[in-house]
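# Close look at the chain arrangement
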Amino acid sequence: MVQERLTVRQERDLVIAAECGDSDACRELVETFLPAIAALAVGFQSNAFDQQELLQAGVAGLLFAARRYDASLDTPFWAYASFWVRKAMQELVADLARPVSLSDRAVRDLARLKKTRRAYQQAHRAEPTTEELSRASGLTRAQLESLEATERAPRAMDDELAAYVIVDLDAEQAYQQVLDDLEIGYLRDLTDELDERERIVVRAHYGLGEHQQTLDEIGARLGLTAERARQIEVGALNKLREGLAQPAI
Amino acid sequence: MSHRSEGLRHNALVYESQDEFLARAVPFLLEGIEAGEGAVVAHTKPGLAMMRDALGSDAEHVMFVDVGSAYTRPARTLAAYHKVYAEQLEKTPTLRAVADVQFGPDPAEWDLWTVYEAVFNRSFAHLPAWVVCSYNANGSPDRILEGVWQTHPEVIEREMWSTSERYEDPDDLLRRLVPSPEPISELGSIGAGRDEEDFRERLARELLADGVPETQVLDMLLASTEIYANARQHGGGVEDVRVGRAEGRFVCEIVDQGEGFDDPTAGYLAPRDGVGTGLWVARQLTWRIEFFRSPAGFTARISL
């Protein structure tokens with residue numbers, strides 16, 4: 001796809017929208033800069049790894065740059081982002097190139113992880129998230145990341161792959177997963193933390209994905225008084241607040 | 001060197017080679033493990049792999065955290081580290097950590113990360129943690145290295161432990177480096193609102209009309225409610241609420257009738273007894289929060 005060149009303002013707005021988690025903006029940002037990412041990837045060409053994976057690392061680097069980029073500092077976005085794209089590629093190359101040696105315990109944990117992932121895939125017909133994998137396996141998120149890193153091995157380059165096409169990233173979920181992975185524990189959608197009734201009240205009251213309603217209307221919909229709906233909302237907001245303010249000790 | 005278990009010890013390791021880094025970082029962690037302390041390595045993927053290899057079988061006692069993409073905004077980075085330290089401190093009474101800070105290539109944003117390092121001292125002052133931040137002297141410009149001495153009470157350089165004489169009080173450093181907000185003329189009043197609920201309803205309408213993504217709407221509602229509630233309780237009441245787009249971002253300003261406060265670390269202190277958590281939550285959910293006095297009154301500006 002040939003992208004028209006964006007104005008400085010359009011580019012700024014696109015980067016900010018991507019930073020705010022707008023999936024369409026993420027997709028457009030990636031499409032706009034994919035040729036530039038691919039051009040950077042040329043410098044890393046080797047038969048030791050998969051070119052597609054290199055491009056995906058570059059895309060992750062681009063989206064990370066969007067999360068961090070401060071347009072008010074007046075640095076052109078690509079001048080800023082290209083450093084993070086290149087860095088992501090360098091890290092992938094270093095990761096794939098290093099020899100892997102595992103302790104006995106790591107081998108056992110890795111076997112447990114694979115077994116848990118297989119069981120989940122069979123039960124749900126979907127890939128587990130890191131949180132689900134952590135819950136099901138009893139391994140911490142950090143342990144999972146460490147084990148998943150050791151699972152990786154050098155891969156051969158597939159000449160059949162067109163350098164500019166990233167099949168996996170066509171799915172919106174793939175963009176979201178890259179975004180979710182960017183910050184440890186940073187929640188993209190707070191309503192995921194609410195139970196169903198809390199979610200209905202909050203989403204309806206503030207017009208999230210539906211028409212904004214009064215507490216009277218929401219109460220009538222749920223067979224509750226407006227006051228009860230208000231209490232549910234207050235409880236939901238307190239729950240979200242407390243979730244973000246847990247003391248360490 | 002011993003660890004004072006009652007609070008944070010925040011040091012920097014300035015190294016010139018990978019061998020020097022490992023020669024310091026590995027024994028530092030092993031000494032802690034031997035004493036029953038937790039051990040955390042927070043680094044990029046290559047850094048984690050290097051440390052894992054160097055630690056050998058002791059690596060199984062260490063929590064490895066990939067922070068290659070954790071450095072987006074200081075408040076979010078602090079929250080991410082807080083979560084990691086909380087997880088470790090559930091298992092051990094104290095911890096030691098080696099952390100790599102990602103300053104990036106743009107000199108325009110270096111001050112932001114120097115501010116992060118300064119505020120780290122206050123944010124986690126209560127935690128029984130000994131954190132060593134690592135800096136490659138060969139890859140770091142002089143301005144960043146000067147900031148290391150200004151933000152770490154002790155620095156290890158050329159195999160010497162030194163108390164930093166250039167260490168600066170975090171409040172003073174923040175006042176020096178954080179730019180003062182400029183007035184924004186594009187914002188319009190939506191009225192002060194009767195109470196938190198009325199305020200949220202008004203703000204939600206503006207956010208939706210502006211096309212702010214759904215997930216961010218709730219972030220803004222939660223964050224701004226914290227500040228609105230503070231203004232009502234401690235700021236003598238809300239004078240006005242102004243919203244709009246500025247420099248591409250949705251902005252909400254809450255003006256109160258009080259004297260205001262002068263606390264540059266407000267909202268950066270991790271949750272603990274005696275410290276309010278409202279601004280900590282608000283900073284995590286938004287791009288930037290600034291406080292300033294204006295002719296209209298004491299103003300909190302929340303940028304999404």
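Attention shifts here to the overall build of chain B. Along its length, chain B carries nine helices and 12 strands. Against the compact-globule benchmark of 19 Å for 304 residues, chain B has a radius of gyration of 21 Å, which places it among compact chains. C-alpha atoms of chain B, sized along the principal axes, occupy 60 × 40 × 35 Å. Looking at chain B as a whole, 48% of its 304 residues are labelled buried.

Moving on, we come to the sheet that holds strand E6 (residues 154-157) of chain B. Residue and element names in this part refer to chain B. Taken together, the seven strands give an open sheet; going across it, the order is E3-E2-E4-E5-E1-E6-E7, and neighbouring strands pair in mixed fashion. For this open sheet the edge positions go to strand E3 (62-66) and strand E7 (160-163), each flanked by a neighbour on one side alone. Strand-to-strand twist in this sheet, taken as the mean axis angle between neighbours without regard to direction, amounts to 20°. Where strand E1 (residues 9-15) and E6 come together, four bridges link them in parallel fashion. Bridged to Leu13 within E6 is Ile156. The strands touched by helix H1 (residues 18-34) are E1, strand E2 (38-43), E3, strand E4 (95-100), strand E5 (129-136) and E6; relative to E4, the strand with the most contacts, the crossing angle is about 160°. Helix H5 (residues 142-151) rests against E1, E5 and E6 of the sheet, and its axis sits at about 150° to E1.

As a further point, take the interface of chain A and chain B. Taken together, the contact between chain A and chain B spans 50 residues of the former and 55 residues of the latter. Residue assignment for the side of chain A that touches chain B shows that the elements contributing at least two residues are helix H1 (8-19), helix H3 (51-68), helix H4 (77-97), helix H7 (141-151) and helix H11 (226-243) of chain A. Counting residues per element, the side of chain A that touches chain B draws most heavily on H4(A), at five residues. Class assignment for the residues of the side of chain A that touches chain B results in 23 nonpolar, 12 polar and 15 charged.

Glycine aside, residues mostly have negative phi, and peptide bonds are mostly found in the trans state. With a phi angle near 70°, Asp74(A) is a residue other than glycine that sits in the positive phi range. Along the polypeptide, Asp74(A) turns up in the loop between H3 and H4. One non-glycine residue, Glu247(B), lies in positive phi territory at about 55°. Examined against the element boundaries, Glu247(B) turns out to sit in the loop between strand E9 (238-246) and strand E10 (249-256).

Residues and elements named next belong to chain B. If you walk across this open sheet you meet the five strands as E8-E9-E10-E12-E11, and the pairing is antiparallel. Every other strand in the sheet has two partners, leaving strand E8 (188-189) and strand E11 (288-294) as the edge strands with one partner each. Sheet analysis places E9 next to E10, joined by eight bridges and oriented antiparallel. Among the inter-strand pairings, Val243 is bridged to a residue of E10, identified as Cys252.

Our focus in this paragraph is the nonpolar core. By size, the foremost hydrophobic cluster in this structure holds 140 residues, and its most contacted members are Val15(A), Ala18(A), Leu29(A), Leu62(A), Val40(B), Val217(B) and Ile254(B). Once residues within four sequence positions are removed from consideration, Ile254(B) is found in contact with Ser224(B), Ile227(B), Tyr228(B), Ala231(B), Val238(B), Val241(B) and Ala300(B).

Before going further, it helps to examine the environment of Ala300(B). All names here are of chain B. Looking at the secondary structure, you find Ala300 in strand E12 (residues 297-303). Judged by C-beta crowding, with 25 C-beta atoms within 10 Å, Ala300 ranks as buried. When the C-alpha atoms of Ala300 and His152 are compared, they prove to be 30 Å apart, with 148 residues separating the residues in sequence. With sequence-adjacent residues up to four places away left out, Ala300 is seen in contact with Ile227, Glu253, Ile254, Ile289 and Phe291.

Turning our attention to the packing of H1(A) against H3(A). Residue and element names in this part refer to chain A. The interhelical angle for the contact between H1 and H3, taken along N-to-C directions, is 95°, at an axis separation of 8 Å. As judged from the angle between their axes, H1 and H3 are roughly perpendicular. Only Leu63, Ala66 and Arg67 of H3 make contact with H1, whose side of the interface consists of Val15, Ala18 and Glu19. Its residues assigned to classes, the contact of H1 with H3 comprises four nonpolar, no polar and two charged.

Take the domain arrangement of chain B next. Residue and element names in this part refer to chain B. Domain boundaries assigned for chain B yield domain 1 (9-177) and domain 2 (188-303). For domain 1 versus domain 2, the distance between C-alpha centres works out to 32 Å. With 15 residues of domain 1 at the interface, the matching set in domain 2 holds 10 residues. The set of elements that each furnish at least two residues to the side of domain 1 that touches domain 2 consists of helix H3 (74-89), helix H4 (110-123) and helix H6 (170-177).

The first and last C-alpha atoms of H1(A) sit 16 Å apart over 12 residues, in line with the 16 Å expected at 1.5 Å per residue. Taken as a whole, H1(A) has its buried residues at Leu14(A), Val15(A), Ile16(A), Ala17(A), Ala18(A) and Glu19(A). In this fold, the buried residues of H1(A) make contact with helix H2 (23-42), H3 and H4 of chain A together with E10 of chain B. Remark: Gly21(A) follows H1(A) within two positions and exhibits a positive phi of approximately 95°.

We now examine the pairing of E9(B). Residue and element names in this part refer to chain B. Taken together, the two bridges between E8 and E9 define a ladder with antiparallel strand orientation. Bridge assignment links Ser189 to a residue of E9, and that residue is Arg242. The turn joining E9 and E10, which pair antiparallel and follow one another in sequence, is formed by two residues; a positive phi near 55° is taken by Glu247.

The next subject is the confidence of the model for chain B. The predicted model of chain B has a mean per-residue pLDDT of 95, with 98% of residues at 70 or higher. What the predictor reports for the complex is a pTM of 0.84 with an ipTM of 0.92.

Interhelical geometry of H4(A) versus helix H2 (residues 45-55) of chain B gives an angle of 30° and a closest axis separation of 8 Å. On the basis of their axis angle, the class for H4(A) and H2(B) is roughly parallel. Here H4(A) contributes Glu91(A), Ala94(A) and Asp95(A) to the contact with H2(B), which in turn contributes Lys45(B), Pro46(B) and Ala49(B). Looking at side-chain class alone, the contact of H4(A) with H2(B) contains three nonpolar, no polar and three charged residues.

On to the pairing of E3(B). Residues and elements named next belong to chain B. Burial of E3 is extensive: five of the five residues sit out of reach of the surface. Here E2 runs beside E3; their pairing, made up of five bridges, is parallel. Residue pairing across strands places His43 opposite Asp66, the latter belonging to E3. In the classification by handedness, the crossover that spans E2, the intervening H2 and the parallel E3 is right-handed.

Procedures and definitions
Residues numbered from 1 in each chain as written. Chains lettered and ligands numbered in written order. Predicted model: local features only at pLDDT ≥ 70, side-chain atom pairs only at ≥ 80, totals over all residues. Helix = DSSP H or I, 4+ residues; strand = E, 2+ residues; numbered from the N terminus. Rg over C-alpha atoms; globule rule 2.2 N^0.38 Å. Buried ≥ 20, exposed ≤ 12 C-beta atoms within 10 Å, placed from the backbone. Pairing = 2+ DSSP bridges. Axes fitted to C-alpha atoms, helices over the stretch in contact; angles between N-to-C directions. Contact = placed C-beta atoms within 7 Å. Nonpolar A, V, L, I, M, F, W, Y, C, P; charged D, E, K, R; others polar. Core = buried A, V, L, I, M, F, W, Y, C linked by C-beta atoms within 7 Å. Parallel < 35°, antiparallel > 145°, perpendicular 65-115°, else oblique. Domains from an automatic or database assignment. Expected span 1.5 Å × (residues − 1). pLDDT = per-residue confidence, 0-100. Right-handed = clockwise from strand over helix to strand, strands pointing away.

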